[in-house]
Amino acid sequence: MLIRQKWQLLFFASLLTLTLWNCSPIENMVRKGEVMLEFSVDTLRFDTVFTELGSATRILKVYNRYDERIRIDKISLVNNAGGKFRMNVDGFASNEVVDIEIEGNDSLYIFSEVTIDPFMNNQPFVIESSIRFETNDGEQSVLLEAWGQNAIYIPNRFGKGTIERYEPNTTVVFKDTLPYVVYGELQVFGTLILEAGARVYVHGGIVKDDVVGARNDGVIVIAGGGKIVSEGTKDQPVIIQGDRLEDAFDDEAGQWIGVYIAQNSLGNSFEHTIIRNSQFGIAVDSASELTALNSQFYNTLGPGVFGIHAFIEMENCLIYNNGGNSVQLTHGGDYNFDHCTIASYGVDASSVALSNFICYVQGNLGCEVGGVYRMNANFRNSILFGSRDEEVILIDAIQNGREGFNYNFENCIVKAGEDLLEEYPDFYDFCKNCPQDVDRNTPLFLDVNEDNYRLDSLSIAIGAGIPISEIPLDLEGKVRDTEMPDVGCFEKED
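Residues numbered from 1 in each chain as written. Predicted model: local features only at pLDDT ≥ 70, side-chain atom pairs only at ≥ 80, totals over all residues. Heavy atoms only, no water.

**Points about the overall build of the protein**
Defined as follows: Each helix corresponds to a stretch of at least 4 residues labelled H or I by DSSP, and each strand to a stretch of at least 2 residues labelled E; elements are numbered beginning at the N terminus. For every residue, the accessible area (1.4 Å probe, protein chains only) is compared with the maximum for its type, and the residue is labelled buried under 20%, exposed over 50%, or partly exposed between those bounds. Reported accessibility uses the Shrake-Rupley method at a 1.4 Å probe radius. Residues are deemed covered only where the shown protein chains occlude them.
A count of helices and strands for the protein gives two helices and 44 strands. In the protein, buried positions account for 49% of the 494 residues. Roughly 23,000 Å² of accessible area belongs to the protein as shown, and the carbon and sulfur atoms make up 49% of that amount.

What follows is the structure, encoded as structure tokens:
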């Protein structure tokens, strides 16, 4: 009965409010030009720690600072994925209300509610919507922000645009109990250990401040002197990805920035680790080192693996669905790739690009060659393939022979086009036991349209490798043939 009386009162109050609005004279109304509303907050946060299914309500106050009345043409909830947010405007329970008037120097109350099930694993960790106000020819918005799952938020649930710093000589361990959500920028000056089964979700987006202005948010930075050690296993891989878990975002690239290993960072290692749905997968900067075993880097806007004058060793790695060159190694360095599958389909970018210089771009002037440094890159038992006629790019700015630009491919499946062979006629001298004249019709993978890069039964990669005793198992833990292993990260099942 009390609940019924409450809603009856709200109903009659709404009728009274509507009557007062309809009877107001129009001559004292701001009718032309841009009308600027003021709000009690610019972001309405639902900061309840969700530990069980429930709802939370927050209040937004909208101010009219003019002496005259103003009319808001429409107030609406937008980008309300799944309908988790609801709105009530001065007694009107609707997600879209039109022709709302506020008297001069008066205000309006908006109640917003969200319902969350923290144990629904396919919803995003950070749920966002906004209330949009349309007045005359202008628009304004207030962000709605809630947390969709029970997780450990770094630095906290209000961390958007902020920095969390792990200090030198400290060790932080991410366990497999609850997922970790990086909500801002994580800087590691000490040691970050990701235990088997750890799940790290990074919330991306655009943030603004008075110092930098607008910038991308959502990045893990391993600073000089710091390091990251990821200890995934075949059955419990470590996963680092964006925080949108709905099916529609499963293959969406660019949701966050990526993992950036800054200059002079040593001892970084990944084992059975998946990095996906970012702008780049892993970037290793000057004089830094990375060892990656049995790991995957995919669904990126740019390179899956980006090395800049660095030291990188990779074994049994799968790199695919990258908007740029899948593996881009620039400004020289030392690189070794064994039993890797590097696939670049559906984009005008190569599987592997090697260069021994930095390209500075200045406006429309093109590339201005900066510092140069010798390149030493070795690929064994690896697949470099894709939809282009040419899947390897070699650019040598030093031009002093193999000392400045040393590349070696051994028992690899490499798609090398006419342009590459014309510029580097000795390419196959340094691609030992690499089959020639391969093209898009060469049998290789089971189904690239389904991102299935296991080997087809007729694949030319079967039995085409040389034994590497240090890599007896493939990416999925299958035992490799000890005398004639398959090329790439997958061993074909019998």
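**Comments concerning the pairing of strand β44 (residues 452-455)**
The cut-off we apply is this: Here the rule is simple: two strands pair whenever DSSP picks up at least two bridges between them.
As defined by bridge partners, strand β43 (residues 445-447) adjoins β44 across two bridges and the pair is classed as antiparallel. Across the sheet, Asp-447 pairs through a bridge with Asn-452, a residue of β44. Between the end of β43 and the start of β44, which pair antiparallel, lie four residues, with Asp-451 showing a positive phi angle near 55 degrees.

**Digging into the nonpolar core**
Heads up, the rule is: The criterion is simple. A nonpolar core is a set of buried Ala, Val, Leu, Ile, Met, Phe, Trp, Tyr and Cys residues joined through side-chain atoms within 4.5 Å.
Counting 59 residues, the largest nonpolar core has Phe-174, Ile-240, Phe-297, Met-314, Phe-337, Phe-409 and Phe-427 as its most contacted members. Counting residues in hydrophobic clusters, the runner-up holds 28 residues, among them Phe-46, Val-62, Ile-70 and Leu-108.

**As for the state of the cysteines**
This is how the line gets drawn: By convention in this document, the label disulfide applies to cysteine sulfur atom pairs within 2.5 Å.
Under the counting rule described, the total for this entry stands at one disulfide. Disulfide partner of Cys-431: Cys-434, at an S-S distance of 2.1 Å. The sign of the -95 degrees torsion about the S-S bond sets the Cys-431-Cys-434 disulfide as left-handed. We note that Cys-431, like Cys-434, is buried. This cysteine, Cys-317, is not joined by any disulfide, and Cys-340 carries the nearest cysteine sulfur, 4.8 Å off. Among the cysteines around Cys-489, which has no disulfide bond, Cys-340 carries the closest sulfur, lying 7.5 Å off. Here Cys-489 falls in the buried class, since its relative accessible area comes to 0%.

**Quick notes on the sheet that holds strand β38 (residues 383-386)**
A sheet is described by the order of its strands in space; here ten strands give the open sequence β12-β15-β18-β23-β26-β29-β31-β33-β38-β41, paired in parallel fashion. Across the chains shown, the open sheet's two edge strands, defined by having one partner strand only, are β12 (152-154) and β41 (413-414). Judged from the four bridges that link them, strand β26 (residues 273-278) and strand β29 (residues 296-300) form a sheet pairing that is parallel. What sits directly across from Ser-278, in β29, is Thr-300.

**Thoughts on unusual backbone geometry**
Here the residue pair Ile-154 and Pro-155 is connected by a cis peptide bond, since its omega of 0 degrees sits within 30 degrees of zero. Summarising the element assignment, Pro-155 is placed in the loop between β12 and β13 (163-166). The phi dihedral of Asn-411 falls on the positive side, at around 50 degrees, and the residue is not glycine. Residue position: Asn-411 is located in the loop between β40 (405-410) and β41. Taking the relative accessible area as the measure of exposure, Asn-411 reaches 6% and is therefore buried.

**So, the pairing of strand β33 (residues 341-344)**
A two-sided burial pattern is seen for β33, the buried positions comprising Thr-341 and Ala-343 on one face and Ile-342 and Ser-344 on the other. Bridge analysis of strand β31 (residues 318-322) against β33 gives two bridges, and the strand direction is parallel. Along β33, the bridge assignment pairs Ile-319 with Ile-342. Taken together, the four bridges between β33 and β38 define a ladder with parallel strand orientation. Counterpart to Ser-344 in the pairing with β38 is Gly-386.

**A closer look at the packing of aromatic side chains**
Rules: Each Phe, Tyr or Trp ring (for Trp, its six-membered ring) is paired with any other whose centre lies within 6.5 Å, and the angle between the two planes then decides the class: stacked below 30 degrees, edge-to-face above 60, tilted in between. As a reminder, the over-ring test applies to NZ of lysine and CZ of arginine, requiring each to be within 6 Å of the ring centre and within 35 degrees of the ring normal.
Summed over the entire model, instances satisfying the criterion amount to 18 aromatic pairs. Measuring from centroid to centroid gives 5.0 Å for Phe-337 and Phe-379, while their planes differ by 10 degrees, and the two rings are stacked. Note that Phe-337 is positioned in strand β32 (residues 327-338) and Phe-379 in strand β37 (residues 375-380), a separation of 42 residues in sequence. Looking at Phe-379, the relative accessible area reads 1%, which means it is buried. Both rings, one in Phe-427 and one in Tyr-428, keep their centres 5.3 Å apart while their planes meet at 80 degrees; by these two values the pair is edge-to-face. Given a relative accessible area of 17%, Tyr-428 falls into the buried group. A connected cluster of aromatic rings, assembled from ring pairs, spans Phe-337, Phe-379, Phe-405, Tyr-407, Phe-409, Tyr-424, Phe-427, Tyr-428 and Phe-430. For Arg-165, the ring lying beneath its charged end belongs to Phe-189, and the centroid distance is 3.7 Å. Of note, Arg-454 hangs over the ring of Phe-490, and the distance from its end group to the ring centre comes to 5.1 Å.

**Remarks on the pattern of salt bridges**
For the record, the criterion: In what follows, salt bridge is the name for a side-chain nitrogen of Lys or Arg lying within 4 Å of a carboxyl oxygen of Asp or Glu.
Applying the stated rule across the entire model yields 20 salt bridges. Where Arg-454 meets Glu-476, a salt bridge forms, and the shortest distance between an N and an O atom there is 2.5 Å. In this pair, Arg-454 sits in strand β44 while Glu-476 sits in the segment after β44, placing the two residues 22 residues apart along the sequence. Salt-bridge contacts for Lys-478 lead to Glu-476; the nearest nitrogen and oxygen are separated by 2.8 Å. Given a relative accessible area of 28%, Glu-476 falls into the partly exposed group.

**With respect to a nonpolar patch on the surface**
Applied cut-off: Each patch is built from residues that are more than 30% exposed by relative accessible area and take part in no salt bridge. Like charges join if they lie within 9 Å; nonpolar side chains (Val, Leu, Ile, Met, Phe, Trp, Tyr) join within 5 Å.
Together, Ile-59, Tyr-109 and Phe-111 give the surface a local cluster of nonpolar side chains, amounting to about 270 Å² of exposed area. Relative to the helices and strands, Ile-59 resides in strand β4 (residues 54-63).

**Section: the environment of Val-89**
We apply this condition: In what follows, residue pairs with any heavy atoms lying within 4.5 Å of each other are defined as contacts.
Within the secondary structure layout, Val-89 lies in strand β6 (residues 85-89). Setting aside residues no more than four positions away along its own chain, Val-89 makes contact with Ile-75, Val-97, Leu-108, Tyr-109 and Ile-110.

**As for the side chain of Asp-486**
For clarity, the cut-off: Charged residues are defined narrowly, with Lys and Arg counted positive, Asp and Glu counted negative, and His plus the chain ends left uncounted. By the criterion applied in these results, polar contacts are pairs of N or O atoms within 3.5 Å in which, for protein atoms, one can donate a hydrogen and the other can accept it, and in which residues neighboring in sequence qualify only through two side-chain atoms.
Position of Asp-486 relative to the elements: it lies in the segment after β44. Buried charge without a salt bridge: Asp-486, with Arg-480 as the nearest opposite-charge side chain at an N-O distance of 6.3 Å. Reaching out from Asp-486, the side chain makes a polar contact with the backbone nitrogen of Lys-492 at a distance of 2.6 Å. Those residues in contact with Asp-486 that lie beyond four places of it in its chain are His-339, Leu-455, Ala-461, Ile-462, Gly-463, Arg-480, Glu-491 and Lys-492.

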